[in-house]
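Commentary on secondary and tertiary structure
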Amino acid sequence: MGISDIGLFGLGVMGQSLALNIANHNYTVSAYNIKSNSTKEFIDGKGNNYTNIIPTYSIEEFINSLKKPRKIFLMIKAGKPVDDTIDILTPYMDKGDIIIDGGNSFFKDTIRRSNRLEELGMNYLGVGVSGGEEGALKGPSIMPGGTKEAWEACKEILIDISAKVNNNEACCSYIGKDGSGHYVKMVHNGIEYADMQLIAESYYLMKNLLNMSEEEMKEVFEKWNDGELQSYLIEITADILGKKDKETNKPMLDVILDIAGQKGTGKWTSKEALDLGVCTPSITEAVFARGISTIKEERVEASKKLNGPKKNIKIDKKQFIEDIRKALYASKMCAYTQGFTLLREASKEHGWELNYGEIAMLWRRGCIIRAKFLDRIKDAYVRNPKINNLLLDPYFMEQINEAQDAWRRIVSTAALSGIAVPGFSSSLNYYDAYRSENLSTNMIQAQRDYFGAHTYKRNDRDGIFHTDWMNI
């Protein structure tokens, strides 16, 4: 008979931190890694002195060490390794046992795996885990999707190890069936891309148009973190601006190459938005911004040949900093609005019945986009659970109306100065398009009908129409 409450399969950085988190909450956890030496190193190192972490060195030993129904938490690389691991584990598992996938798996893979395990009489939880190494150790934001049966069996452990806010409220609650948990985590990451891009543009405008020192910018971000922009990303931005390279004594940002990496979740979010016909320009432009950053050599060559504007613009420093703050907040509202609109359409598409206000609360602690602003989103859904777009909420309307003049000044000044601000400008374009009663797309539909007889609707009566354009 097994003695462990849960098994942790995969002892990378995240897996080790999660195992320690589980053990710190007085659960007994069996630890296993395909490479046995990694298990031994963990037990001899970080796992030393933990009597409730049980090392195992074979699949049989690992499986037999677990109480029934067995709960196996996978912390491994997404994709084929997850399917391979399921193939390894299932022959040793019994009906009612549960596999918990805590990696960044694509939600459609999670749906497929859920169906497969269900056919075997087993359960599958696709769990979004956000917060990095520190979050995994001290309490991550946890977004579980899967069968209700699996959730009920695992919820005590998952809630206990999750991040807590206010009066010990857990940043963990049941999202919905099959791939919903991983979908919510994917959208979290898409919003994260946009948030990071907007902050980077704010820094870049201060540096290049105001010639501010890192110390000055650090003070600005610290001040912003005391107000409505308070968030983990603003906090670490201020910290980054205060760091110097030990080798050169230059600011750290001056020695970091301007090439941003990505692991694909932002791209997944953008592709899903395209598939569902949801407009997410703030998120998608953030993905494109990372893409263009990677062609460094081309950009260096282009900078020598392609001219920018020559006009020097006079800028009031104090006013411009305040304008950036307002533009950042307004653009942030658009990015989050786009993410929640995507969740709404996905919920309809997959029958998930997502609770959007509750999802916002899951992100208040333990994850990368944790921010004071999330309370505003929760409030909006409390006021109107069926709101189509967060920009229609009274608070959002008031804030974005108050910010828009500053927002427009930032985008226009950047354009006149030849500085790319795709996050700010795409967010403003989204706002202007959404608030427009009429758009230019009647011309597009006319063109489609002209060359392809794709038909059109009229604005003065119902029906579907086609015009013989060559003969009118």
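Rules behind the numbers
Residues numbered from 1 in each chain as written. Predicted model: local features only at pLDDT ≥ 70, side-chain atom pairs only at ≥ 80, totals over all residues. Heavy atoms only, no water. Helix = DSSP H or I, 4+ residues; strand = E, 2+ residues; numbered from the N terminus. Buried < 20%, exposed > 50% of the residue type's maximum accessible area, 1.4 Å probe, protein only. UniProt positions renumbered as here; feature names shortened; annotations may be inferred. Contact = heavy atoms within 4.5 Å.

As a further point, take unusual backbone geometry. Along the chain, Lys68 connects to Pro69 via a cis peptide bond; the corresponding omega equals -5°. Counting through the fold element by element, Pro69 comes out in the loop between α3 (59-64) and β4 (71-74). Phi is positive for Asp178, close to 30°, though the residue is something other than glycine. With respect to the helices and strands, Asp178 occurs in the loop between β9 (169-170) and α8 (180-209). Overall, the relative accessible area of 15% leaves Asp178 in the buried class. We note that Asn249 has phi near 65°; this positive angle belongs to a residue other than glycine. Here Asn249 shows up in the loop between α10 (232-241) and α11 (252-255).

Moving on to the UniProt feature "domain: 6-phosphogluconate dehydrogenase C-terminal" (unreviewed entry) in the protein. Per the UniProt record, "domain: 6-phosphogluconate dehydrogenase C-terminal" (unreviewed entry) is annotated on residues 181-470. In this annotation, residues 181-470 is assigned 66% helix and 0% strand; the end-to-end C-alpha distance for the span is 53 Å.

Our next topic: the environment of Ser331. Structurally, Ser331 can be placed in helix α15 (residues 317-350). Taking C-alpha positions, Ser331 is 9.8 Å from Gln404, a pair spaced 73 residues apart along the chain. Ser331 has contacts with Leu198, Trp407, Gly423, Phe424 and Ser427, leaving out every residue within four places of it along the chain.

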